[in-house]
Amino acid sequence: MTTWLGIDLGSTTTKAVLVNEDGKVVGAGLTNTRSNYDVAAAIARAEAIADAQLSRLEAELARNGEKNAAGTLAEVKRAVRIEQSLARLTQVRDRTVSLTRSAPDGGDVVADKTQALFDAIAKDGENVFAALAVDRSRFFRDMVAARILSDAENAARKRELPYDVVVGAYDRAIVDVENSEAAESVGVHLVRSLSHAKVSSESARRIEAAWKTLEAEPIDIKAMVGTGYGRSRLPFPKENIRSEILCHGLGAHAFFPKTRTVLDIGGQDTKAIQVDGDGVVTGFQMNDRCAAGCGRYLGYIAEEMNLGIHELGPLAMKATRAVKISSTCTVFAGVELRARLSLGEKRENILLGLHRAIILRAMSLLARSGGVSDELTFTGGVAKNQAVVQELTDLVGKHYGQRTLNIHTDSIFMGAMGAALFAKRGVQA
Amino acid sequence: MSADVKHAQKDVSQNRQKEMIAKHFTRLSKARENGEKVGYTFVPGNLTELLGVFDILPVYPEINALQSAMRQKSAGYIREAERLGHNEDVCTYVKCDIGMMTQGNIGPTGEKLPPPDLLLLSYTGCFTFMKWFELLRQEYGCEIAMLHVPYVPGQMPTSEMRQYVKGQLKDEVIPKMEKVSGKKFDPDALLARLKLSARAENDLVWVLESAKKRPSPIDAYFGSVYYVGPIFTGFRGTEDAVSYYKELRAEVEDRMSRGEGPVTPDGTLAKEKYRLVVEGPPNWTNFRDFWRIFYDEGAVFVASTYTKVGGLYDTGFRHDQEKDPLLALADYCIGCYTNLSLPQRVDLLEKYVREYEADGVVFNSIKSCNSFSAGQLVMLRELEKRTGIPGAFIESDLVDPRYYSQANIKNRIESYLQMLSARKAGGHVAQPASLKLPVVAGGH
């Protein structure tokens, strides 16, 4: 299989996408960028390749008479993702258990009980990793942390385990495991997953046969292009490095070909991009000197309110009115928030005002970049927040009239997608 | 190419300029003992020839500030000024100068600067200059002369405007200079100096316009801030300046005949990939890093408005065109880039984009300079509309390193240049296949 690779080294996550000759995504990988860019790029790339190895099963299955090859493959991919997560969980378990055993307040008893905690999670793997298995933009770390923290807390309340020891060991273990590639091959996970995948025994037989045929064939990566803040760290020649603005533009165009304006709100910057009918960037603006109004703004507000970042949007949606927040500075907005709370203003109303403040900043960048043309594609982590989307829809409608707003579950991969398409297109001078 | 700070390559003319400047500062440091008078003044609308007629030695506080920044001293000076109570939003040239003054007034060559006998303010668009000299007068208690240059709302100054400036020169500025220097005004001496100015100006314009060639033998921003040095400061109207520009012109002619690009700190630029026009001053604290962002990508500035703040010569003005030398000075002051209206600035930028066949336009907005930055976004928009070329907008500061972010600016400029090359490649862009993936939020 001939593919082209795009790698997007972002400030919080690293993404890899492989496209085939038709420019279709055949493999995608995602990892945290907390450690270093080289490791993150290698892991994301390995994940994307494993994903691509599975993707090519589809054609082979169809050739062997499988009726709904696409549906079968989707289920197989889901089951493999569960298997991969379980394998990773085993790595985390072993590392955590070993750390608790040697911890000053740990020991054999604590280690054994910790092992039992992890085994219980593994037993419930289908549930724990259900969301991760179908949504590629979710993180293994979040799925496991949600369970392990609450289970450890319960155990601690019953005085069965010292909470700090377990969580401290887990925090170290997860970083170690995230910074290493999978121990087993995708083939191993595939075979194991067939025992619980919801496919007929006949389909399972076809899958095994197809895998045998394809296993030896390597995934051929013809060319690669890197993008994102860490792009200069990639061991690529200069021509193979593309700015994330161009990649986001082309990626958004690939997902939604009618896109003319792209708004990307990421962790530390906001970009307003204009693209033409071919996905070529014709103009752009970014936030300057100050990152107020970006993803970290919401992170800070969540901390101030002692809430999870994913809770902000739903809470703001309950507002009856938006409180006017005048400060554009993240820290001052926090001060305003406290002042309003002390005056008896409802939390949700303040929150809606804060969400509106983000979009007001974005609107100014959009205006600077040349306005909002139809269609508008909204990307970046902040696009997952319903209240932000609501405010954007409202303000775009008021300023520019009705526009189609595109938001994609896989929007996190848009930069990597654009990079892969640049690689495929052939590097231009 | 490698970045060796110690052995940065330079134009040959730069060494000559260095000698000229060194001589000037040594003379300044001995002004008191030699009984020479000193006048502080600003670059835009400077009356250097007139000061020269009265043998008053000029000092340019904003040039000292930018030199302090290039020598990494501005951060400390600014801190000192803020400690004295100057707000964070105040012009950083002012704070850098105030800081330098309180730290012993040691100039860029390490020699002490003399206090002024005269503060000569030629107001050409920057309101802060007035406040700056109010502060200096409080410190030095010396004579002060102010020339008010009117803003020109249309394209051409009226004769009343010219007479208004001339009248002030005659009735206020010259009598003040006579008083400070103890010398009588000699119009012939001024005319002689203005003739010398024009000779240097002819060669300067030739050098700036050499950028119309492909490849351009000069960088009309980073390189040319050096080229305009002598003519913007104490050397206009002197034989020194005439020979400097003659030499500079020969140097550029030589480079042009060999088909060579501009000299960067890392050597001669190998390949000109992008031709850019720029609006706004450069950042001085990270001058070389800022420059490198461009030359690493093969981007050359072919025209800049900043190199016109001390006088606009490439639209035809010369100091010797008027028989009446005071009217010539009036025309010069009125025509400085800092005194131009926004429509005039846009016209000039449009002319540069077309005449120099530019691929792109960069605007550098200055955090602490409202007089330069106000209106830049509107100008950019208008320019984009007229030329069809998208502009890049970056933000930094003159001499405050706290407002310069290399990573952000580099990211912005690299993206911009890649966008330009994608646009150049234009038509033959492959149409990528669309993906059939689920949509979570639809249209409205």
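The rules behind the values
All residue numbers refer to position in the chain's written sequence, counted from 1. Naming scheme: in the order in which they are written, chains are lettered from A and ligands are numbered from 1. Owing to the predicted nature of the model, reporting of local features is limited to residues with pLDDT of at least 70; listing and counting of side-chain atom pairs is limited to 80 or more, with chain, interface and lining totals taken over all residues. Between any two strands, at least two bridges found by DSSP are needed for them to pair. Think of it this way: any DSSP run of H or I at least four residues long counts as a helix, any run of E at least two long counts as a strand, and we number them from the N terminus. Note on geometry: axes are lines fitted to C-alpha atoms, helical ones only across the stretch in contact, with angles between N-to-C directions running from 0 to 180 degrees. By the convention adopted here, residues are in contact when the distance between their C-beta atoms, placed from the backbone, does not exceed 7 Å. To sort residues by burial, count the other C-beta atoms lying within 10 Å of each one's C-beta; a count of 20 or more means buried, 12 or fewer means exposed, and anything in between means partly exposed. C-beta atoms are built from the backbone. The nonpolar core is taken to be a set of buried Ala, Val, Leu, Ile, Met, Phe, Trp, Tyr and Cys residues joined by way of C-beta atoms within 7 Å.

**Quick notes on the sheet that holds strand β2 (residues 13-19) of chain A**
Residues and elements named next belong to chain A.
1) Next: Spatially, β3-β2-β1-β4 is the arrangement adopted by the four strands of the open sheet, whose pairing is mixed. Strand pairing shows two members of the sheet lacking a second neighbour, β3 (25-32) and β4 (220-227), which therefore form its edges. Each strand of the sheet is rotated relative to its neighbour by a mean of 15°, with strand direction disregarded.
2) Next: Along the sheet face, helix α17 (residues 414-425) touches β1 (2-9), β2, β3 and β4 and points at about 135° away from the line of β1.

**What about unusual backbone geometry?**
1) Next: Put simply, Asp374(A) and Glu375(A) share a cis peptide bond, and its omega is 0°.
2) Next: Within the secondary structure, Glu375(A) is located in the loop between α15 (347-369) and β8 (376-379).
3) Next: The step from Arg214(B) to Pro215(B) runs through a cis peptide bond, and the omega angle for that step is -10°.
4) Next: Here Pro215(B) lies in the loop between α9 (187-209) and α10 (224-227).
5) Next: Backbone geometry at Asn306(A) places phi at a positive 60°, although glycine is not the residue there.
6) Next: By the element assignment, Asn306(A) lies in the loop between α12 (295-305) and α13 (309-316).
7) Next: By the C-beta count within 10 Å, which is 7 here, Asn306(A) ends up exposed.

**Side note on the sheet that holds strand β8 (residues 299-304) of chain B**
All names here are of chain B.
1) Next: If you walk across this open sheet you meet the four strands as β8-β7-β9-β10, and the pairing is parallel. The open sheet has two free edges, formed respectively by β8 and β10 (391-396), since each of these has just one partner strand. Between one strand axis and the next, the sheet turns by 35° as a mean value, whatever way the strands run.
2) Next: Here strand β7 (residues 274-279) pairs with strand β9 (residues 360-366) via four bridges, running parallel. Bridge pairing in β9 places Leu 276 opposite Gly 360.
3) Next: Sheet strands in contact with helix α17 (residues 376-387) are β7, β9 and β10, and its direction is about 165° off that of β10.

**Details of the environment of Ser122(B)**
Residue and element names in this part refer to chain B.
1) Next: Along the chain, Ser 122 turns up in strand β3 (residues 118-123).
2) Next: Taking the C-alpha atoms as reference points, Ser 122 and Thr 41, separated by 81 residues in sequence, lie 7.6 Å from one another.
3) Next: In this view, Ser 122 contacts Thr 41, Phe 42, Gly 45, Asn 46, Leu 47, Leu 147, Val 149 and Cys 333; residues no more than four positions away in its chain are not counted.

**Observations concerning the nonpolar core**
1) Next: Within the largest apolar cluster, 257 residues are counted, with the highest numbers of intra-cluster contacts made by Val17(A), Ala420(A), Leu276(B), Val277(B) and Val302(B).
2) Next: At 11 residues, α15(A) tops the list of elements feeding residues into this core.
3) Next: Ignoring any residue separated from it by four or fewer positions in sequence, one finds Leu276(B) in contact with Ala299(B), Val300(B), Phe301(B), Val302(B), Ala358(B), Asp359(B), Gly360(B), Val361(B) and Val362(B).

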